[in-house]
Amino acid sequence: MEAAAQFFVESPDVVYGPEAIEAQYEYRTTRVSREGGVLKVHPTSTRFTFRTARQVPRLGVMLVGWGGNNGSTLTAAVLANRLRLSWPAQRPQGGQLLRLADSGRHREPGPGRRGPGGVRALQRAAAHGGAQRPRVRWWAEPWAGVGRDGRLGLEGPRIRAGPSVRIPPGWDISSLNLAEAMRRAKVLDWGLQEQLWPHMEALRPRPSVYIPEFIAANQSARADNLIPGSRAQQLEQIRRDIRDFRSSAGLDKIIVLWTANTERFCEVIPGLNDTAENLLRTIELGLEVSPSTLFAVASILEGCAFLNGSPQNTLVPGALELAWQRRVFVGGDDFKSGQTKVKSVLVDFLIGSGLKTMSIVSYNHLGNNDGENLSAPLQFRSKEVSKSNVVDDMVQSNPVLYAPGEEPDHCVVIKYVPYVGDSKRALDEYTSELMLGGTNTLVLHNTCEDSLLAAPIMLDLALLTELCQRVSFCTDADPEPQTFHPVLSLLSFLFKAPLVPPGSPVVNALFRQRSCIENILRACLGLPPQNHMLLEHKMERPGPVLKRVGPVAAACPVLNKKGPVPAATNGCTGDANGHPQVEEPQMPTT
């Protein structure tokens, strides 16, 4: 597969400089007011200037919980791509060996062999060959050699994201090296583990913070690799670890990502963690603070973005205020990978179709360490909250179906079944009301390879966060350059319970989240938002400006039901979906 096509935007509003891309962008929205019981909608327009730095830094990602299933799987994936490994597969896999941007030329795995596909879920520019591969729709016109609808990755417009990503080192409460952690996780095929073993055996996690009351008691057997001392001393050690990694690896930026155990919720108490000053004093005095909050504070103090991949409330108000003061990006909470991602699509579909969803029952069982930790009630409660809130905005968006305060019954169950390991089973039942007292019930079974779904999301989070760090903008009314808000809500597409700035609406609907990312990236190139209207295909006379592209139908099309059946794309006799074709009976005509 050839590299993705690159393009430039030819417009007087876009300037490609040696250091940055500058684009003028007209942001159009609406303002609503009520006057005398009547709602009035006022179109508004704001002119932005976006500046995206083109110099891509050397990026390091430090994982908290590096020796867990997610951490060891992501490390193995990066190494497998860098080494361009392939291994015997139980079942053939189509596609090619995918690569990160710095891994050089790739090679095909060959028949009956598997390559490490799907490493980058959002940023990847290859056309096929792995699991998760959404792309950005840059323009509406089909064009030969690029792909339908101008869908390319970020490499297309020369907005490059993290070509050189360093993963190790990270922290973990377990002292196992990464090869042993990989074997303990039982996620990867044995043929791949054997090839990776000598490369991962030398990788050992740094000591981490263990506070027994925040995670399940069944995790105590793992806790043999700990940072000693008081909370203040532990905070300072984490900061030293970050500085040491930055200097020893010659990095420009570091992003810290929490992928360790789910903790219980930490109560927000005035005077303890409600402000940045109180939170820092709490750490100094050794009062209650969670391990994940300690890592968040250390990252912010070192100027490193912090992303929370677990459901607990790591980013308490004091941590958010500290991020605002230091102008450091933070994001969370809880990777959105399997059941919840499907739920954010299905509920949006059901309610958007006018079906009043009244009952949602979600059941999971899994056998990895995450499942064992979630078997404790307090840790399960953190997960239950992040899984349950995912439908709120979709329900509130339709006041025709739901009265104020009305919401579906929503039950979430998680059980620990060691035998299934990392292969999580998710079962969902959605029951909706129809007209005239009818009901519609949709039942879904989903087998999720937990860590193989989470690992690409972790890399995407780091790469997208780094890209956002290179974007600044100003408006005609406020010419002073600014960046995105420190609470990086742009990452909502990848989180179950997305954090947003105070007063901002929370969006959980998956395609609205994705559209937000696409349209902001388009704005960085001075392109209008994608609206899917395709008016040029809905007009009798499009005119020269809205000239149709692609195949043009006859002026008065006539349905032709006779003639040879075209060959199916899958080699079967029938249509493109493999359905057999039956010759149409001859109808009498007048």
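Residues numbered from 1 in each chain as written. Predicted model: local features only at pLDDT ≥ 70, side-chain atom pairs only at ≥ 80, totals over all residues. Heavy atoms only, no water.

### Quick look at the overall build of the chain
The helix and strand inventory of the chain stands at 13 helices and 17 strands. The buried share of the chain, reckoned over its 590 residues, is 50%. Considering only intrachain contacts with a sequence separation of at least 6, the fraction spanning at least 24 residues in the chain is 70%. By element, 55% of the accessible surface of the chain is carried by carbon and sulfur atoms, the whole surface being about 28,700 Å². (Helix = DSSP H or I, 4+ residues; strand = E, 2+ residues; numbered from the N terminus. Buried < 20%, exposed > 50% of the residue type's maximum accessible area, 1.4 Å probe, protein only. Contact = heavy atoms within 4.5 Å. Areas by Shrake-Rupley, 256 points an atom, 1.4 Å probe, with all protein chains shown as cover.)

### Quick look at the packing of aromatic side chains
In the structure shown here, the tally under the stated rule is 9 aromatic pairs. Ring geometry for phenylalanine 50 against phenylalanine 473: centres 5.4 Å apart, planes inclined by 45°, an arrangement best described as tilted. Highlighted residues: phenylalanine 50 in strand E3 (residues 38-53) and phenylalanine 473 in strand E17 (residues 471-475), separated in sequence by 423 residues. Given the relative accessible area of 11%, phenylalanine 473 is considered buried. Joined through ring pairs, the aromatic side chains of Tyr25, Tyr27, Phe48, Phe50, Phe473 and Phe484 make up one cluster. Lying across the ring of tryptophan 324, arginine 327 places its NZ or CZ 4.1 Å from the centre. If you follow lysine 341 out to its NZ or CZ, it ends over the ring of phenylalanine 493, 5.8 Å from the centre. (Phe/Tyr/Trp six-rings, centres within 6.5 Å; stacked < 30°, edge-to-face > 60°. Lys NZ or Arg CZ within 6 Å of the ring centre and 35° of its normal.)

### Some words on unusual backbone geometry
When glycine is set aside, most residues are seen to have a negative phi, and most peptide bonds are trans. The amide bond that connects glycine 332 to the next residue, aspartate 333, takes the cis arrangement and shows omega of -5°. Note on placement: aspartate 333 falls in the loop between strand E12 (330-331) and helix H8 (339-352). One non-glycine residue with positive phi stands out, namely arginine 327, at about 55°. Tracing the chain through its elements places arginine 327 in the loop between helix H7 (317-326) and E12. With relative accessibility at 53%, the residue arginine 327 sits in the exposed group. Its identity is not glycine, yet leucine 534 carries a phi of approximately 50°, on the positive side. Mapped onto the elements, leucine 534 comes out in the segment after helix H13 (510-523). Residue class for leucine 534 comes out partly exposed when judged on its relative accessible area of 31%.

### Quick word on the pattern of salt bridges
Tallied over the full model, the rule gives 17 salt bridges. Here glutamate 302 and arginine 239 are joined by a salt bridge, their closest N and O atoms 2.6 Å apart. Taken together, the positions of glutamate 302 in the loop between helix H6 (291-301) and strand E11 (305-308) and arginine 239 in helix H4 (residues 231-249) put the pair 63 residues apart, joining distant regions of the chain. Close ionic contact of glutamate 540 with arginine 541 constitutes a salt bridge, the shortest N to O distance being 3.4 Å. Just as glutamate 540 is exposed, arginine 541 falls in that class too. Because the salt bridges share partners, they merge into one network encompassing Glu236, Arg239, Arg243 and Glu302. (Salt bridge = Lys/Arg side-chain N within 4 Å of Asp/Glu carboxyl O.)

### Some thoughts on the packing of helix H1 (residues 69-83) against helix H3 (residues 190-200)
Packing of H1 against H3 brings their axes to within 10 Å, and their N-to-C directions diverge by 95°. What the angle tells us is that H1 and H3 run roughly perpendicular. Two secondary-structure elements touch here, H1 through Ser72, Thr75, Ala76, Leu79, Ala80 and Leu83 and H3 through Leu192, Leu196, His199 and Met200. Of the residues in the contact of H1 with H3, the class split is 7 nonpolar, 3 polar and no charged. (Axes fitted to C-alpha atoms, helices over the stretch in contact; angles between N-to-C directions. Parallel < 35°, antiparallel > 145°, perpendicular 65-115°, else oblique. Nonpolar A, V, L, I, M, F, W, Y, C, P; charged D, E, K, R; others polar.)

### Things to note about the environment of alanine 260
You can see alanine 260 is positioned in the loop between strand E10 (253-258) and helix H5 (276-285). In this structure alanine 260 comes out as partly exposed when scored by relative accessible area, which is 22%. Through-space distance from the C-alpha of alanine 260 to that of tryptophan 171 is 9.1 Å; in sequence the pair is 89 residues apart. Residues contacting alanine 260, with those up to four places away along its chain left out, are Val64, Gly65 and Ser310.

### As for the packing of H4 against H6
Direction vectors running N to C along H4 and H6 enclose 50°, while the axes themselves pass 9 Å from each other. Regarding the angle of H4 to H6, the classification is oblique. Once H4 is placed against H6, the crossing between them reads as right-handed. Packed against H4, whose contacting residues are Arg231, Gln234, Leu235, Ile238, Arg239 and Ile242, the element H6 presents Leu294, Phe295, Val297, Ala298, Ser299 and Leu301 at the interface. Looking at the contact of H4 with H6 residue by residue, the class counts come to 8 nonpolar, 2 polar and 2 charged. (Left-handed = near helix turned anticlockwise from the far one by under 90°.)

### Remarks on the layout of surface pockets
Quantified by volume, the largest pocket comes out at close to 1,300 Å³. Tyr27, Leu490, Cys516, Asn519 and Ile520 are the residues nearest the centre of the largest pocket, which is lined by 39 residues in total. Considering each element in turn, the lining of the largest pocket owes the most residues, 7 residues, to H13. A per-class count over the lining of the largest pocket returns 21 nonpolar, 13 polar and 5 charged. (1 Å grid on protein atoms, 1.4 Å probe; cavity = no way out; pocket = protein on both sides within 12 Å on 5 of 7 lines; lining within 4 Å. Points joined across faces, edges and corners; volume = space filled by probe spheres on them.)

### Some remarks on the side chain of glutamine 193
Tracing the backbone shows glutamine 193 in helix H3. A relative accessible area of 4% places glutamine 193 in the buried class. Residues contacting glutamine 193, with those up to four places away along its chain left out, are Met182, Arg183 and Leu188.

### A few points about the confidence of the model for the chain
Model confidence for the chain is summarised by a mean pLDDT of 82, while 77% of its residues fall at 70 or above. Under a pLDDT of 50 for its full length, residues 94-106 has, in the predicted model, 51 contacts with residues more than four places off or in other chains. Low pLDDT (under 50) marks residues 552-590, which in the prediction has 18 contacts with non-local residues, meaning those over four places away or in another chain. (pLDDT = per-residue confidence, 0-100.)

### Comments concerning the sheet that holds strand E13 (residues 356-366)
The pairing of strands in a sheet happens through backbone hydrogen bonds and is either parallel or antiparallel. Reading across from one edge, E14-E13-E15-E16 is the order of the 4 strands in this open sheet, with mixed pairing throughout. The strands lining the two open edges of the sheet, one partner per strand, are strand E14 (409-416) and strand E16 (439-449). Looking at each pair of strands side by side, their axes are set apart by 10° on average, direction ignored. Sheet topology note: the strand E15 (residues 423-433)/E16 ladder contains 11 bridges and is antiparallel. Each residue of the ladder has a partner; that of alanine 426, found in E16, is asparagine 446. Its contacts with the sheet place helix H12 (residues 450-469) against E13, E15 and E16, and it is angled at close to 85° to E16. (Pairing = 2+ DSSP bridges.)

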